[in-house]
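# Topology and contacts: notes
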Amino acid sequence: MPKVEEFDTFYDSTSRYVTHLTYAESGDRALTQEAVTEAYEKAWQGWGKQRSRDPLAFVRGEAFRHARLARGTRPWRRRHEDDSDLALIEALQDLPSRTRRLIILQTLGELDLSSAARDLAITDAEAVTETQQAVTALEQALGQSIGQVESRLLGLSEISERITLPRPSAIRAKARKRSRRRTLGAVAAATAAVVAAGLAVAPASPMSQAQAQERNRVGERPVEAARPGDAVTARSLLNATEVGRINPARDWTTVTTSADEPSGDEEKEAATADTAAAESARASEGDPLTSCAPRRFATSNPVKTYVREFEAYGQPEQAVHVLEVAHDATAAQQAFKRRLQWYADCAVPRVQITSGTATIDGAASPVTIVRLRELTSPTRTLTIGLMQTGVVNTMLVHRTDGTAAPSVVAFGQTLVDGMRLACASSGGPCTTSTKVVGAPLPRTSSNPGFLAAADLPPVGAQTQPWAGTEPKAPSDNPAATMCDRANFLTRGVAKARGRLYVVPNDKAAPRTFGIGQSIATFRTPAQARTFVRGLEKRIAKCEDRNQAATVVAGKAVRGAGYSGKTWRMSFETGRKSVISYRLALVVRGATVTEVAQSGTKRADLSSAQFVQVADRAGQRLAYWR
């Protein structure tokens, strides 16, 4: 990535974070803007060195230093806006400078105590003592618990969010002007010194461009190029304030932050470790929020991983943010596909994929948002966002009790925010768009085009997952009923397959309960429509042909590129014996699918559930080939 683009991406992804910290330090918006701008100007001036170190730590420190010095030398700049938390700002200003910064880093900065101590170049023991003193002082000054104080600290971000920052191009331009002024000043000073000393300078022969470049290199230490992903740390994770945008009505807090960061020889060992053994060890960690993923991390033998868990205070609502750094972009791409496949192929009892799949319009890298519903007690709804760029993958999961889900727009924006801090060093393109749009369901790894286990609703007290037979030519159409008697091996059909879905080894679902599906592709869309109209006529006349039949038309289904109808049928086979079916016919272009479900009094789908199955069958046809 070119240096300019790299810096601009770094600025766009970190400047708001630094602004929030600096405002808590100064309590002055104008001073904060000045300090943050100068910090990034200095970062650009020394970008050749800073890019391979920890540029975020550098600008954060420079912004703090400028704010502290400006407030000390120009006390009249200490202006507090009426719409801010004046009491909190005053309480912070009463703390010693180092202690104040220590508290800010551990709250708004989302650093653990050891990391904050390293940032201030003090020992952990000193950090513990100063933190305890600061907590006591703030609690006494504000008359609140430290949890309440922390919430107020996070609330300062809403004030600093209003501070206008210059564009990265303006930062670079101002930094260049500053460099020129310093260079001209140094030349003028050197010239004056030479003249004053009365030194005579003999004319020198002009140097070639190659000689000049070689001379400029003398004394310079080669800077090792930063590897993609090096600057990704726990600070790249979302904080509680950012996650809170998913559901602003809740009071969000960080529960745990865990990191696996190999370094030195450990990193080399990790890079050559047996992949299968490494994945097996990580599999035992499990996933904190969803049962579809067999393990927490999708990257095979990752360089480093970070996980931060959040919860809404007093509410059954949680969130998790995960970052994984792979050894190269190919491994990261494979990890993204692997994790998406886990959800597409989910075959966990009573877990369904809902129709809330989405992506980011104009995204520079793969993005998918999937929604799951766990039909357990209580019912739970999960929203899972996946994103990959360069060597980095991120996953954001939100889970809540009930069927209400957060706004997919707010969730998508938070997902993009969750990659911004890591994207600057990922080695891949960064996504700035936050426009959420609908997307097709994720493609299943086997039998694409057919219904998947995660598409089918649970039956009664079902405890086992749905299972489907291998598709085969439907010589005996598994979806045909006594009304339609559909034959998918007729003239004009180019390809036809059928399969059955059952719940094996589950006493809650009787043997007579099941779902059949057949798919046929005709040579032209007109032939497909003609075939369906013929079946509809048969169904309409079914009661006339069969006195034991009862047919009731159900709701129609319609979506992007497909449409269809549903029916409810019952047949009396004896004085007290009735066989019932639900039937759907859906057309997508030249392809027709028929879905039939046989039910009993003990196990049956509701009308709404079957309409959802029919609609999902239409969506799945997009993958039929």
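Computed from a prediction, not measured in an experiment: that's the story for all the values here.

## Regarding the overall build of the protein chain
In terms of helices and strands, the protein chain carries 19 helices and 17 strands. Per-residue burial for the protein chain yields a buried fraction of 48% across its 625 residues. Long-range pairs, those at least 24 residues apart, make up 70% of the contacts in the protein chain between residues at least 6 apart in sequence. A total accessible area of about 29600 Å² is found for the protein chain, and carbon and sulfur atoms account for 51% of it.

## Topic: the state of the cysteines
What the rule picks out here adds up to three disulfides. Across the protein chain, the disulfide pattern expressed with sequentially numbered bonded cysteines is 1-2, 3-4, 5-6.

## Brief notes about unusual backbone geometry
The peptide bond linking S377 to P378 adopts the cis configuration, its omega dihedral lying at 0°. You can see P378 is positioned in the loop between β6 (367-374) and β7 (380-389). A positive phi is found at E110, a non-glycine position, where the angle reads about 60°. Within the secondary structure, E110 is located in the loop between α6 (97-106) and α7 (113-119). Positive phi outside glycine occurs at R485, with the angle close to 45°. Among the secondary structure elements, R485 is positioned in the loop between β10 (467-468) and β11 (493-502).

## Things to note about the environment of V586
Residue position: V586 is located in strand β16 (residues 578-588). With 31 residues separating them along the chain, V586 and A617 place their C-alpha atoms 7.7 Å apart. Setting aside residues up to four positions removed in sequence, V586 forms contacts with V557, Y562, S563, G564, T591, V592, T593, A614, G618 and L621.

## Details of the packing of α6 against helix α8 (residues 124-142)
α8 packs onto α6 with a crossing angle of 90° between their chain directions and a minimal axis gap of 9 Å. In terms of orientation, α6 and α8 fall into the roughly perpendicular class. Only A127, E130, T131, A134, V135 and L138 of α8 make contact with α6, whose side of the interface consists of R98, T99, L102, I103 and Q106. Its residues assigned to classes, the contact of α6 with α8 shows six nonpolar, three polar and two charged.

## Let's talk about the packing of aromatic side chains
This structure, assessed with the given rule, holds 10 aromatic pairs. Ring geometry for F450 against W624: centres 5.6 Å apart, planes inclined by 85°, an arrangement best described as edge-to-face. With a gap of 174 residues between them, F450 in the loop between β9 (436-438) and β10 and W624 in the segment after α19 (607-620) connect regions that are remote in the sequence. For W624, a relative accessible area of 9% puts it in the buried group. Judged by centre distance (5.4 Å) and plane angle (70°), the ring pair of F488 and F531 falls under edge-to-face. Of this pair, F488 sits in the loop between β10 and β11 while F531 sits in helix α17 (residues 525-540), and the two are 43 residues apart along the sequence. A relative accessible area of 15% places F531 in the buried class. Taking NZ or CZ as reference, K495 lies 4.3 Å from the ring centre of W624, over its face.

## Observations regarding the pairing of β11
With two bridges connecting them, β10 and β11 associate as antiparallel partners. In the strand pairing of β11, G468 is matched with Y501. Relative to strand β12 (residues 514-522), β11 runs antiparallel, the two being bridged by eight bridges. In the strand pairing of β12, Y501 is matched with I515.

## Notes on the nonpolar core
One finds F7, V18, Y40, V59, L156 and V392 to be the most contacted residues of the largest nonpolar core, which totals 76 residues. It is helix α1 (residues 3-26) that provides the largest number of residues to this core, a total of eight residues. Within the second largest apolar cluster, 25 residues are counted, among which are C483, F488, A496 and V532.

## Focus on the pattern of salt bridges
Overall, the coordinates contain 23 salt bridges when judged by the stated rule. One salt bridge in this structure joins R65 and E62, with 3.0 Å as the shortest N-O distance. Of this pair, R65 and E62 both sit in helix α4 (residues 55-73), three residues apart, roughly one helical turn. For R65, a relative accessible area of 28% gives the class partly exposed.

Parameters and conventions
- Residues numbered from 1 in each chain as written.
- Predicted model: local features only at pLDDT ≥ 70, side-chain atom pairs only at ≥ 80, totals over all residues.
- Heavy atoms only, no water.
- Helix = DSSP H or I, 4+ residues; strand = E, 2+ residues; numbered from the N terminus.
- Buried < 20%, exposed > 50% of the residue type's maximum accessible area, 1.4 Å probe, protein only.
- Contact = heavy atoms within 4.5 Å.
- Areas by Shrake-Rupley, 256 points an atom, 1.4 Å probe, with all protein chains shown as cover.
- Disulfide = S-S within 2.5 Å.
- Axes fitted to C-alpha atoms, helices over the stretch in contact; angles between N-to-C directions.
- Parallel < 35°, antiparallel > 145°, perpendicular 65-115°, else oblique.
- Nonpolar A, V, L, I, M, F, W, Y, C, P; charged D, E, K, R; others polar.
- Phe/Tyr/Trp six-rings, centres within 6.5 Å; stacked < 30°, edge-to-face > 60°.
- Lys NZ or Arg CZ within 6 Å of the ring centre and 35° of its normal.
- Pairing = 2+ DSSP bridges.
- Core = buried A, V, L, I, M, F, W, Y, C linked by side-chain atoms within 4.5 Å.
- Salt bridge = Lys/Arg side-chain N within 4 Å of Asp/Glu carboxyl O.

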